[in-house]
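Below are the chains, spelled out letter by letter.
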Amino acid sequence: MTVSGSKTLLPRRRRARRTGLRGLVYIAPAMALVIAFFIIPVIFTGWMSLHNWPLMGGTRWIGFRNYVRMFHDARFMSALQFTAYYTVIVTIAIFAVAFPLAIFVEKQRRFVSAYRTIIFLPVVVGLATASLLWVWLANVDSGFIGPALKALGWVDKSPNLLATFDSAFLTIIVMVVWKIAGFTMIILLTGLQAIPAELTEAARIDGASRWQRFRHLTLPLMRKTIALALIISVTGSILAFDQFYIMTSGGPQNRMISVVYYIFNQSFVSFNLGYGAALSIALLAILVAISIIQLWLLRVREEKP
Amino acid sequence: MIKRLLAATSVATLCLVASASAAEKVEMWVRTGVGDAFKKTVEAYNSSHESQVAMTEVPFSELVQKYATAIAGGQAPDALSMDLIYNPAFAAAGQLEDLTDWAKSLPYFNSLSPSHVKLGSYHGRIYGLPLSVETSVFAWNKDLYKKAGLNPEKAPASWDEITANAEKIRALGDDTYGFYFSGGGCGGCMIFTFTPLVWGSGADILSADGKAATLDTPEMRQAINIYRNMVKKDLVPAGAASDNGVNFLSFTNGKIGQQSLGAFAIGSLVTEHPDINFGVTLIPGATGGTSSFAGGDNFVVTKGTPKIAAVKKFLEYIYSEDGQKIMAKYGSLPTRGDIAEKVLQGLDPRLQVGIDAIAVAKTPYTLQFNDLINSANGPWASFTNAAIFGDDVDGAFANAQSEMQSIIDSGQ
């Protein structure tokens with residue numbers, strides 16, 4: 001028994017090993033890319049973060065002192081705080097605009113592809129280009145928004161939108177929503193279109209109201225899509241840099257320094273590459289943690305029903 | 001016929017190849033916002049010399065980090081026009097070519113601007129030589145003065161007078177303003193035009209040894225009040241609050257009554273905006289006296305460049321009388337003391353005010369100039385914006401004072 005059993009097992013194991021090898025060969029190009037452009041740079045960044053590493057001149061091993069410094073760095077803490085604030089506000093704003101838009105363009109109606117195209121158009125503009133465009137729109141004298149408000153008679157004097165925190169922040173949020181909402185809309189649209197029409201019809205026959213159908217049918221069936229859109233939006237917001245650098249150079253009185261902006265400043269303005277590397281590793285850890293939490297939250301809910 | 005044509009073209013091609021290999025092209029970077037003096041000198045040099053200089057303009061606020069990253073990446077230009085306050089840091093990092101022996105062999109070495117040479121020296125060796133000299137001065141628009149019923153030939157001597165004049169000019173109409181400054185976190189603009197108010201009154205923002213921040217003085221409070229008052233009275237365009245230096249030369253649009261500028265701007269105004277009728281004088285201190293910021297650029301050479309001979313030839317041209325004359329015409333004050341008078345002869349007399357300013361001018365000496373002052377996110381840049389436009393002046397003073405001190409301490 002045992003002998004015959006092992007005899008039949010052996011070739012199968014060998015075959016399994018062979019297919020495993022073949023699989024490895026198939027994914028080798030992808031692995032090579034990931035290793036060359038992600039794993040090695042991350043390891044190198046980690047190595048740099050353990051040094052006092054100026055942009056010019058010699059490096060010196062300092063162990064974990066860069067990481068200790070981080071916890072006493074008030075400017076880093078305020079950068080984290082601002083980034084969190086921005087991420088929450090902008091994500092809510094993007095979803096508040098993108099979801100209704102997705103529902104609007106999902107139904108087959110006249111000109112629907114024209115609507116989709118128009119809403120998606122800002123997405124293909126680069127973020128830096130969009131930021132520059134909005135710097136002009138928000139310019140107090142030669143721009144559009146301020147002078148237009150004045151021409152309409154809503155304000156006595158053209159306001160300098162980028163001069164105070166609240167108005168500058170609002171301008172940036174509006175710009176980012178204008179720029180990104182189309183992309184989120186497309187993702188949500190694919191989720192909406194994946195819901196079988198029979199289900200909605202059945203719910204309607206059962207007498208479910210429009211809100212009930214949305215709450216108990218559409219939303220649960222879109223969990224995966226929402227998770228994807230959410231992770232893309234949150235990750236993108238945490239890594240925000242261009243808009244603050246270009247539109248407000250860090251904002252009135254440095255109140256718009258995001259984490260990436262701070263890392264840039266430390267590395268290439270103050271030339272502390274080592275400290276910048278340590279901050280990058282910390283940011284990577286934060287991003288990984290947030291993504292895991294998001295995935296975990298949405299997966300648990302999915303298995304409930 | 002065809003044969004002859006072929007021969008002619010091949011000879012021409014040969015000539016092209018020959019001249020291309022003979023002419024070395026020196027790559028050189030220069031910062032923006034310093035007027036046209038250097039650009040015109042390069043043009044004149046290229047049209048009269050075989051070896052050529054290729055000039056690249058880099059935004060002034062990013063030149064330091066771009067140059068440092070280029071050095072680290074092995075892509076640095078052969079030479080650079082470097083804001084002289086950064087010269088010590090780069091020389092200390094061992095990234096610049098030692099020019100000592102060649103510099104000392106120049107017959108006019110001893111008459112080169114001494115403060116530039118001092119900032120270009122490190123441990124007794126010379127790594128930077130003067131390229132351009134600039135001081136900050138106060139300019140007023142004579143046409144607007146006349147329209148406002150003021151005496152266009154009388155230079156204002158105090159900030160009370162400047163404020164009163166600004167009010168009269170503002171009364172002229174909608175988009176005519178009495179005063180302008182780049183207050184949106186432009187540390188470089190503000191150290192250049194605003195600190196003279198404090199220096200003129202005898203105070204300073206750093207202690208003499210550079211080891212303590214001395215921001216919160218009665219003189220600085222007074223200076224901030226002067227600017228705050230003008231902003232509150234709507235004498236300054238609203239755009240000033242977010243101008244990070246891009247519109248520093250707003251005076252050239254002819255709708256600004258008064259502004260503190262640099263000698264480079266005098267050159268640009270004279271040569272490119274001849275329609276603007278303006279006068280210049282020294283910047284009054286907040287509580288009396290006058291002062292100015294003495295700045296400018298040093299010419300530095302990247303260590304190990306193979307084109308050192310061509311670079312030296314170009315620099316010798318800059319120091320020649322022709323070169324100095326072109327530089328001065330566009331607002332860069334002469335760097336060679338021995339021929340300064342000859343160079344300025346026949347040029348705009350207003351440049352003389354820029355020269356007079358040197359006597360009362362200061363330059364802060366610190367290795368952390370970028371972190372403290374020039375960086376758009378440094379304490380000085382945010383202080384000027386918060387104190388002049390913000391609601392909490394005391395808070396702005398306290399924050400900037402402690403942040404500057406902590407940057408100084410971390411660099412010791």
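Throughout what follows, the structure given in this document is the object of discussion. Since this is a predicted model, take the numbers as computed values, not measurements.

## Topic: the overall build of chain A
So, point 1. Across its full length, chain A carries 13 helices and two strands.
So, point 2. Against the compact-globule benchmark of 19 Å for 305 residues, chain A has a radius of gyration of 26 Å, which places it well outside the compact range.
So, point 3. Along the first, second and third principal axes, the C-alpha set of chain A runs to 95 × 75 × 30 Å.
So, point 4. Counting over 305 residues, chain A shows a buried share of 38%.
So, point 5. Put simply, 67% of the contacts in chain A that link residues at least 6 apart link residues at least 24 apart.
So, point 6. For chain A, the exposed surface amounts to about 18,100 Å²; the carbon and sulfur share of it is 69%.
So, point 7. Counting 29 positive and 11 negative side-chain charges, chain A places the averaged centre of each group 15 Å from the other.

## Points about the packing of helix α5 (residues 127–137) of chain A against helix α7 (residues 165–193) of chain A
Residue and element names in this part refer to chain A.
So, point 1. Running from N to C, α5 and α7 point in directions that differ by 135 degrees, and their axes come no closer than 11 Å. Viewed along their axes, α5 and α7 adopt a mutual orientation that is oblique. By crossing handedness, the relation of α5 to α7 is classed as right-handed. Residue-level inspection shows L127, A130, S131, L133 and W134 of α5 in contact with α7, the latter providing T171, V174, M175, W178 and K179.

## Concerning the interface of chain B and chain A
So, point 1. Residue-level contacts link 27 residues of chain B with 24 residues of chain A.
So, point 2. Sorting the residues of chain B by area buried against chain A places Q65(B), A238(B) and N377(B) first, and these three jointly supply 26% of that buried surface.
So, point 3. At the surface where chain B touches chain A, the tally comes to two salt bridges.
So, point 4. The partner of K157(A) in a salt bridge is D234(B), with the nearest N and O atoms 3.4 Å apart.
So, point 5. Joining chain B to chain A, the criterion identifies twelve residue pairs in polar contact (both at pLDDT 80 or more).
So, point 6. At the level of secondary structure, the elements contributing two or more residues to the side of chain B that touches chain A comprise α3 (63–72), α17 (369–374) and α18 (379–389) of chain B.
So, point 7. In terms of residue count, the dominant contributor to the side of chain B that touches chain A is α3(B) (six residues).
So, point 8. Residue composition of the side of chain B that touches chain A, by class: ten nonpolar, twelve polar and five charged.

Rules and cut-offs
Residues numbered from 1 in each chain as written. Chains lettered and ligands numbered in written order. Predicted model: local features only at pLDDT ≥ 70, side-chain atom pairs only at ≥ 80, totals over all residues. Heavy atoms only, no water. Helix = DSSP H or I, 4+ residues; strand = E, 2+ residues; numbered from the N terminus. Rg over C-alpha atoms; globule rule 2.2 N^0.38 Å. Buried < 20%, exposed > 50% of the residue type's maximum accessible area, 1.4 Å probe, protein only. Contact = heavy atoms within 4.5 Å. Areas by Shrake-Rupley, 256 points an atom, 1.4 Å probe, with all protein chains shown as cover. Lys, Arg positive; Asp, Glu negative; His and termini not counted. Charge placed at Lys NZ, Arg CZ, Asp CG, Glu CD. Axes fitted to C-alpha atoms, helices over the stretch in contact; angles between N-to-C directions. Parallel < 35°, antiparallel > 145°, perpendicular 65-115°, else oblique. Left-handed = near helix turned anticlockwise from the far one by under 90°. Buried area = accessible area lost by both parts, 1.4 Å probe. Salt bridge = Lys/Arg side-chain N within 4 Å of Asp/Glu carboxyl O. Polar contact = N/O pair within 3.5 Å; in protein donor to acceptor, adjacent residues only side chain to side chain. Nonpolar A, V, L, I, M, F, W, Y, C, P; charged D, E, K, R; others polar.

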